[in-house]
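Spelled out, the chains give:
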Protein chains: 4
Amino acid sequence: MRKDLRLISQEKDKKTIIEIGDLRIGEDFMVIAGPCAVENEKQTIETAKAVKKAGANMLRGGAFKPRTSPYAFQGLGLKGLKILEKAKRETGLPIVTEVIDSRDVSWISEYADVLQIGARNMQNFSLLKEVGKADRPVLLKRGMYSTLKEWLSCAEYILSEGNKNVILCERGIRTFETYTRNTLDLSMVPAVKECTHLPVVVDPSHGTGRKSLIEPMSLAAVAAGANGLIVEVHNNPEVAMSDKDQQFNPEEFLVFMQHVRKLSEMMKNL
Amino acid sequence: MRKDLRLISQEKDKKTIIEIGDLRIGEDFMVIAGPCAVENEKQTIETAKAVKKAGANMLRGGAFKPRTSPYAFQGLGLKGLKILEKAKRETGLPIVTEVIDSRDVSWISEYADVLQIGARNMQNFSLLKEVGKADRPVLLKRGMYSTLKEWLSCAEYILSEGNKNVILCERGIRTFETYTRNTLDLSMVPAVKECTHLPVVVDPSHGTGRKSLIEPMSLAAVAAGANGLIVEVHNNPEVAMSDKDQQFNPEEFLVFMQHVRKLSEMMKNL
Amino acid sequence: MRKDLRLISQEKDKKTIIEIGDLRIGEDFMVIAGPCAVENEKQTIETAKAVKKAGANMLRGGAFKPRTSPYAFQGLGLKGLKILEKAKRETGLPIVTEVIDSRDVSWISEYADVLQIGARNMQNFSLLKEVGKADRPVLLKRGMYSTLKEWLSCAEYILSEGNKNVILCERGIRTFETYTRNTLDLSMVPAVKECTHLPVVVDPSHGTGRKSLIEPMSLAAVAAGANGLIVEVHNNPEVAMSDKDQQFNPEEFLVFMQHVRKLSEMMKNL
Amino acid sequence: MRKDLRLISQEKDKKTIIEIGDLRIGEDFMVIAGPCAVENEKQTIETAKAVKKAGANMLRGGAFKPRTSPYAFQGLGLKGLKILEKAKRETGLPIVTEVIDSRDVSWISEYADVLQIGARNMQNFSLLKEVGKADRPVLLKRGMYSTLKEWLSCAEYILSEGNKNVILCERGIRTFETYTRNTLDLSMVPAVKECTHLPVVVDPSHGTGRKSLIEPMSLAAVAAGANGLIVEVHNNPEVAMSDKDQQFNPEEFLVFMQHVRKLSEMMKNL
């Protein structure tokens, strides 16, 4: 891997710590939570307050949604970003949001604390180069069919443009299994740690697609050594415009956080 | 499929014919040929003349190359387009070239007769919307892991923006097989014909990754009913900057074309 | 591959011809046809007569069916073999039938002209060794997820026990595509010819799972150079106990055979 | 799933506990450890003593090895079983060993406390029926490409023959990832618990194929709720006849067991 991953290889032994406010990503265990999509102000603010109360460290929420069908809800765009800005003001939570077009990187950076690259855009090299020039950390999701090496090459694209703050995110790969929406590949957690200096987080919501599997797989991610989780929470999942079956409601998320935090603490004594 | 693919479903029975000069894509069997990447003027012009002489109908050649590694040759960009323009002037062959960034669609359209969307960008929805607004036909490659339905949804993105001229291109999917670079899924040829009104072509070069398999798989594509082929040819494959193992030299391509054309004719009498 | 495939490698240049009656498999293009399962005498005899009339060279029919569910029809066993024996007597067609248990190889060999190893048993090494000792040719289907190398290793198991008469059968692999039941990997036809001396046939019925795709994919298989086809035909597919959607009725098979035979003849002049 | 999985569905709420000596599988967390293959008496006895000392609950070891190549070491057969018998006598550890041929089930049952069905034989239905008639618990590995439903249908085959003592074992599925040998699908642990009453164990040795990943993935399996682990240990991995890269030596296994046991205890307080 060495030649194609020269920056990752060079700095393998220096653990990358990314600071956002008080949070030290790569060192502190962190939880990013929030709705799949920003649907309206009430939904977003209520959800933001709930996840803050439960102990989440950042707020996630999509303003630009890459959807399989051109006729599905595509996100609120700028209006959604302004709602996220308000949620940040009210809760103090930094914002993670997805960017899907190279033209949007600079102005979305004014609203986002972390820029997310989704699985379908993992190999959108123009977009990778553009976020590589931004002054915001990038959360890079693994493509649905990509190997570790391909994923790390995409991180290298970002690093090679000068942006050293990349967070890798395992979100499940496509397999023949249909019981789960994707197959969450937790072996990528120790694999990323072996090969890179970058933090790695796990998305059990997309990774399983089933609410009942999110907690066991999150605990597994913690035990495997993940630096954090990114979890979908909606103030009222029954009416969610996307990903109904995998969003926690606030009460479920509260219990979930207690278990995750407890295991995270216990792991320090292992 | 009906709701998400409403334009494709509505027009299923009207066969789409795309006219470029004298060529009627969807009706005439066509062969697109040329180098993987535009490397320099001599290579491109020589290759263009060779494929013209062998009977190709269009010239392919990448000026912007999506590469797994940031350190691999990324294409000549505008300079490459100008070389393609010259090749077109000298041979009369229309140009098919890839676009990888939504910002580039309008000006690349001045050089290209057909805009190609590569497999890795199949679900780059911003790019799809942009080529949907262009006045050039789009050759849409199937993603390496995507289903027919996902692929057609991407075509629907383009159609829904007003561009009715979409050519679908099967280029192989990722499987566990390692003998071939990808697994060319020829069943997509009759499947596309069953579900849509759009022309479908086959890329046996990327679909197999082995020169020795290109002819048998091209003949198979013809027998399965494909509307055309897109094949990599290089004036000197040994020194090619990419895809060495799957580019024909001019002599090989000449023999190949004779067999393909002959079968294509014979199929009319089946 | 050489060390693990020593018999295949040694004899790569000697084309294996398997003689069954007048038929020379590997030289003559052949079609094996018949029902998925032997259900009763009337169904089997009628189907056998129909495929004979249409020009098939061998009769297929399962007496032992490997089924995903323990509660699905498991085949008629010995009774099914006796029905096949009668069908052979009445039509002269040699019999291809599946063996699924190492204990059954010797006595099934008394009824079968060719022993079939199904995809799920491709790596049932005990069974491979047993058919390797039998004096009947073996039709070895490729496993649903197996690579060319793994498949050929299974052929090597049979060869290494002394049975030189192995026919390889591509029947589709599992991929993410759902439009087709499996993905028929026709590139295996030229690949097998490059790596071995063995005949290779194609099963478009299981390979597509859709009646409408069987003819185009069969023509493609012929064009790719396959030595034959194995196709499911049922005297009355609507009441078939398995594989309803992919069995031809006699009239459909008759038309199919005319097209296949015509292309097979035309290919000699390519 | 209900109709095809009627026994599993009926008894879903009655947790199956399988007793072997003092061990209550499905209730006690258990670790099965031992060499990939029984190579000779010294290797097996030494390894058995080492895993016993480290706290393993059962001894694994293959006497019949399903190997991709016919020329690879196929196991010691009966001689291997006699060595396992001696190891049991010296350590008191019950024996788990693989059966690969329906003819061998009855006599191997005299040596084995648990009969293992390997991934390649998961859909060897003749073998499943035979172990379904045996009076030994069966450890059923998931096939490399199989879905949860297909796997559970194979368990149903065993249950439907009268043997109620089935232990499911997730051992990794084939994906496009090459960094790991297989992709360990830990989501199957909570999925099996949702759908069945059967114990489920995890094989991180085959599931990762890399020694460095075995501990993090084992901890993850414990956190996900697995009922146990099956781990490869060899008294001297450097000279192992198979699976060199994924077998612990006794010292590594000792440390591993301390971490696993500690987490297993801590999970009770979560």
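Source: prediction; values computed, not measured.

What follows deals with the relation of the copies chain A and chain D. Superposing chain A onto chain D takes a rotation of 180° plus a shift of 0.0 Å along the axis, which leaves an RMSD of 0.0 Å. On this basis, the relationship between the two copies can be described by a two-fold rotation axis. The C-alpha atom lying nearest the rotation axis in chain A is that of Ala220 of chain A; the distance is 2.0 Å. With an isologous cut-off of 70% or more, the 100% of interface residues of chain A that recur at the interface of chain D puts this contact in the isologous class.

What follows covers the sheet that holds strand E9 (residues 200-202) of chain D. Residue and element names in this part refer to chain D. With parallel pairing, eight strands are arranged side by side around a closed barrel as E3-E4-E5-E6-E7-E8-E9-E10. On average, each strand axis in the sheet is tilted by 25° relative to the strand beside it, whichever way the strands run. By the bridge criterion, four bridges tie strand E7 (residues 138-141) to strand E8 (residues 166-170) in an arrangement that is parallel. Bridge pairing in E8 links Leu139 to Ile167. Across the face of the sheet, helix H7 (residues 188-195) comes into contact with E8 and E9 while running at roughly 170° to E9.

Next up on the list: the interface of chain C and chain D. With 34 residues of chain C at the contact, the number on the chain D side is 34 residues. It is Tyr71, Arg103 and Tyr145 of chain C in chain C that bury the most area against chain D; as a group they hold 22% of the surface buried on that side. Between Glu130 of chain D and Arg103 of chain C there is a salt bridge, and its shortest N-O distance comes to 3.1 Å. At the surface where chain C touches chain D, the tally comes to 27 residue pairs in polar contact (both at pLDDT 80 or more). Those elements that place two or more of their residues in the side of chain C that touches chain D are helix H1 (6-10), helix H5 (125-132) and helix H6 (148-160) of chain C. Per element, the largest residue contribution to the side of chain C that touches chain D is five residues, and it comes from H6 of chain C.

Let's shift gears to the interface of chain A and chain D. Frequently, the measure chosen for interface size is the accessible area that the parts lose on association. Across the boundary between the two partners, chain A contributes 38 residues, which contact 38 residues of chain D. Contact between chain A and chain D buries roughly 3100 Å² in total, counting both sides, with carbon and sulfur atoms accounting for 71%. Together, Glu177, Tyr179 and Leu270 of chain A form the three largest contributors to the area buried by chain A at its contact with chain D, with a combined 20%. Of the charged contacts in the structure, one is a salt bridge between Arg210 of chain D and Glu194 of chain A, with a shortest N-O distance of 3.9 Å. The tally of links from chain A across to chain D stands at ten residue pairs in polar contact (both at pLDDT 80 or more). Among the elements of the structure, helix H7 (188-195), helix H9 (211-224) and helix H10 (250-267) of chain A are those that each provide at least two residues to the side of chain A that touches chain D. The leading source of residues in the side of chain A that touches chain D is H9 of chain A, at eight residues. Split into classes, the residues belonging to the side of chain A that touches chain D amount to 23 nonpolar, nine polar and six charged.

What counts, and where the lines are drawn
What you see as residue numbers is a count from 1 along each chain, following the sequence as written. Whichever chain is written first becomes A and whichever ligand is written first becomes 1, with later ones labelled in order. Owing to the predicted nature of the model, reporting of local features is limited to residues with pLDDT of at least 70; listing and counting of side-chain atom pairs is limited to 80 or more, with chain, interface and lining totals taken over all residues. As a rule here, side-chain values cover all heavy atoms of the structure and leave hydrogens and water aside. Overlaid copies result from least-squares superposition on C-alpha atoms, with residues included only where pLDDT is at least 70 in both. Every residue pair with non-hydrogen atoms within 4.5 Å of one another is taken to be in contact. For two strands to pair, DSSP has to find at least two bridges joining them. Strands are runs of DSSP state E lasting at least two residues, helices are runs of H or I lasting at least four, and both sets are numbered from the N terminus onward. Every axis in this analysis is a line fitted to C-alpha atoms, fitted for helices over the stretch in contact. Angles between the N-to-C directions lie between 0 and 180 degrees. Buried area counts how much accessible surface, traced with a 1.4 Å probe, disappears from two parts once they are put together, with both parts' losses summed. Just to be clear on terms, a salt bridge is a Lys or Arg side-chain nitrogen sitting within 4 Å of an Asp or Glu carboxyl oxygen. Pairs of N or O atoms within 3.5 Å make up the polar contacts considered here, provided that, within protein, one atom can donate a hydrogen while the other can accept it, and that residues adjacent in sequence are counted only when both atoms are side-chain atoms. Ten residues, namely Ala, Val, Leu, Ile, Met, Phe, Trp, Tyr, Cys and Pro, are considered nonpolar, four, namely Asp, Glu, Lys and Arg, are considered charged, and the remaining ones, Gly among them, are considered polar.

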